[in-house]
Amino acid sequence: MLGSRPLFRQVIGFVAASSALLSFGAPITASADATLRDLLSTLDMHPSMTTFHELVKTHPEIFPVFPNGGVTILAPNNFAFGKVNDWGSYGPGLQAATLQYHVIPRLLPTSSIMPGESVIVDTQLVDPAFVNVTGGQRLIVTKADTVVFTSGHATRGTVVVEDLIFDNGIIHIIDSVMKVPDSLEATSSAYKDLESFVGASYKAGLMSEISETKDLTLYIPTTDAFRTVQDYVDKAPLNQLQAILKYHVTPGIVFPSWELRNGTAVPTLVSEIVGITLDGNNRYINSAKVVQDNVIIANGFVHIVDAVLNPAKPFLRPDLTSDKQEAAFELTDPSLMPSEAGIPFATNIPNATPSTESPETSPTFYKGVSGPSTSTNDAAVMGDSGITMFKTGIVAMMAGMVIGF
């Protein structure tokens, strides 16, 4: 329900906000000073907002430097900042980036999100020290019984007070501080199933390329998936290992899972495509099932899959009548696996358990982004440049072939 402001002002403000949204950013005129005063006044009405109120006052470079079309501010309450434990440890740069990540440069009333819908929203976080996607860094917003925003490291914030109107936008009070998406390597601390891919990428000398390339969608196999092919991958020549890993990366487009549509073919960093199959709520990349989707990282999205993809078998598709799928590789004999098998390739990660390998030097891009975790456990997301690159890649790779399965 709407926040506690005079009813006539809520209604008038909400109508103005909704009209601006529907008219694609019709200007809402208000001086910066007036906007700031009204923003602070709105926050003052809620005793649980004292921490965020002070941050607004002490960050004039962010508040109220807003576009004329209005903004949506995700305002963490005091409880949310309490979960962070030590906000000061973020440092000035990360603290500012985090606040920018809570500002959506358009109006997003909760009524504009359909029940059961998930959408991607850009934010005002565009600092290249923290972001390597086209446009602002993304959040995922989902509406079920409540509206929930998802950020980096699986941190989710539920809207506890919605649609507070101020002179140049809307405020949603949330119960968690959104976490700025981090590098793939740093994100593996929250998603342990990413560690084998990170380790294999170091072994193949690809970690810097994967971390520093803009606008990626990655399909990363689980630890168990790597374990079943570890013997094969361990023996693969360097160029073959690199091809296998690059086959798990789509360049130039950040795909949320719902944009991976049935029967489509998607380019990768090698010359082969991957194919998408949908079966009810299940989604497959070739024959590998997506078991965790939409993990946000600094330079794109990750979808975790239950099998390692093989560029030599690009047309492998799931047997939807069976629980077992054709293996993309010769599998390691389970009897040869130790009962307490470690994480495959993890020893290649710098600062991990010493390895006989000579790991690649750890990339410095996006290092130091992480603050204390509060996890509770669109680059275009098909923007014009992304669509052009997608079509160009498909045409170049599949000229003369029919794409679709």
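Note that the structure is predicted; figures quoted are calculated from it, not measured.

Here is what the cut-offs are and how they apply
Residues numbered from 1 in each chain as written. Predicted model: local features only at pLDDT ≥ 70, side-chain atom pairs only at ≥ 80, totals over all residues. Heavy atoms only, no water. Pairing = 2+ DSSP bridges. Helix = DSSP H or I, 4+ residues; strand = E, 2+ residues; numbered from the N terminus. Contact = heavy atoms within 4.5 Å. Axes fitted to C-alpha atoms, helices over the stretch in contact; angles between N-to-C directions. Buried < 20%, exposed > 50% of the residue type's maximum accessible area, 1.4 Å probe, protein only. Arc of directions from axis to C-beta. 1 Å grid on protein atoms, 1.4 Å probe; cavity = no way out; pocket = protein on both sides within 12 Å on 5 of 7 lines; lining within 4 Å. Points joined across faces, edges and corners; volume = space filled by probe spheres on them. Nonpolar A, V, L, I, M, F, W, Y, C, P; charged D, E, K, R; others polar. Phe/Tyr/Trp six-rings, centres within 6.5 Å; stacked < 30°, edge-to-face > 60°.

J.: I keep staring at the sheet that holds strand S3 (residues 118-122) and nothing clicks. Help me out?
T.: In any sheet, the strands associate via hydrogen bonds between backbone groups, in a parallel or an antiparallel arrangement. Ordered in space as S2-S1-S7-S6-S5-S4-S3, the seven strands form an open sheet in which the pairing is mixed. For this open sheet the edge positions go to strand S2 (103-104) and S3, each flanked by a neighbour on one side alone. Direction of pairing for strand S5 (residues 147-150) relative to strand S6 (residues 156-166): antiparallel, over a ladder of three bridges. Residue pairing across strands places threonine 150 opposite arginine 156, the latter belonging to S6. Across the face of the sheet, helix H2 (residues 32-44) comes into contact with strand S1 (71-76), S6 and strand S7 (169-174) while running at roughly 120 degrees to S6.

J.: Is there a simple way to explain the pairing of strand S4 (residues 138-143) in this structure?
T.: Two faces make up the sheet, and in a regular strand the side chains alternate between them. Taking burial as the measure, the six residues of S4 include five buried ones, the bulk of the element. Bridging between S3 and S4 involves five bridges; their strand directions are antiparallel. When the sheet's bridge partners are listed, valine 121 is paired in S4 with leucine 139. Where S4 lies against S5, four bridges are found, and the strand directions are antiparallel.

J.: Would you mind showing me how to read helix H3 (residues 50-57) here?
T.: Since the α-helix turns once every 3.6 residues, residues separated by three or four places project in the same direction. All buried positions along H3 are accounted for by Phe52, His53, Leu55 and Val56. Projected down its long axis, H3 carries its buried residues within an arc of 165 degrees, all on one side. Its buried side turned inward, H3 meets H2, S1, helix H4 (78-84) and helix H5 (91-100).

J.: Honestly, the layout of surface pockets in this entry has me stumped. Any pointers?
T.: To find leftover empty space, one rolls a probe the size of a water molecule over the atoms. Its volume calculated, the largest pocket comes out at about 510 Å³. As for the largest pocket, its lining consists of 28 residues, and the residues nearest its centre are Ser287, Asp306, Ala307, Gln325 and Glu326. Where the lining of the largest pocket is concerned, the elements lending two or more residues are helix H9 (223-228), strand S12 (282-285) and strand S13 (288-297). Class assignment of the residues belonging to the lining of the largest pocket gives a composition of 13 nonpolar, seven polar and eight charged. Ile140, Thr150, Arg156, Asp293 and Asn294 are the residues nearest the centre of the second largest pocket, which is lined by 16 residues in total. Where the lining of the second largest pocket is concerned, the elements lending two or more residues are S4 and S13. Looking at which element gives the most residues to the lining of the second largest pocket, the answer is S13, with five residues. Considering only residue class, the lining of the second largest pocket consists of six nonpolar, eight polar and two charged.

J.: Would you explain H5 in this entry?
T.: Counting buried residues along H5, seven of its 10 residues qualify, which places the element largely inside the surrounding structure. Regarding H5, the residues found buried are Gly91, Leu94, Gln95, Ala96, Ala97, Thr98 and Leu99. Residues of H5 that are buried make contact with H3 and S2.

J.: Explain the packing of aromatic side chains here, please?
T.: One pass over the full model with this rule turns up seven aromatic pairs. Considering the side-chain rings of phenylalanine 52 and phenylalanine 63, the 5.8 Å spacing of their centres and the 80 degrees angle between planes classify their relative orientation as edge-to-face. Here the residue phenylalanine 52 occupies a position in helix H3, and phenylalanine 63 occupies one in the loop between H3 and S1, the gap between them amounting to 11 residues. Just as phenylalanine 52 is buried, phenylalanine 63 falls in that class too. Through a chain of ring-to-ring contacts, three or more aromatic side chains come together here, namely Phe52, Phe63, Phe66 and Phe166.

J.: Please clarify how unusual backbone geometry should be interpreted in this entry.
T.: Glycine aside, residues mostly have negative phi angles, and peptide bonds mostly take the trans form. Here phenylalanine 63 and proline 64 are connected by a cis peptide whose omega angle stands at 0 degrees. Inspection of the secondary structure assignment puts proline 64 in the loop between H3 and S1. Of note, asparagine 286 is a non-glycine position whose phi angle comes to about 55 degrees, a positive value. Relative to the helices and strands, asparagine 286 is located in the loop between S12 and S13. For asparagine 286, a relative accessible area of 3% gives the class buried. For asparagine 294, which is not glycine, the phi torsion reads 60 degrees and is therefore positive. Along the polypeptide, asparagine 294 turns up in strand S13. Classification of asparagine 294 as buried rests on a relative accessible area of 11%.

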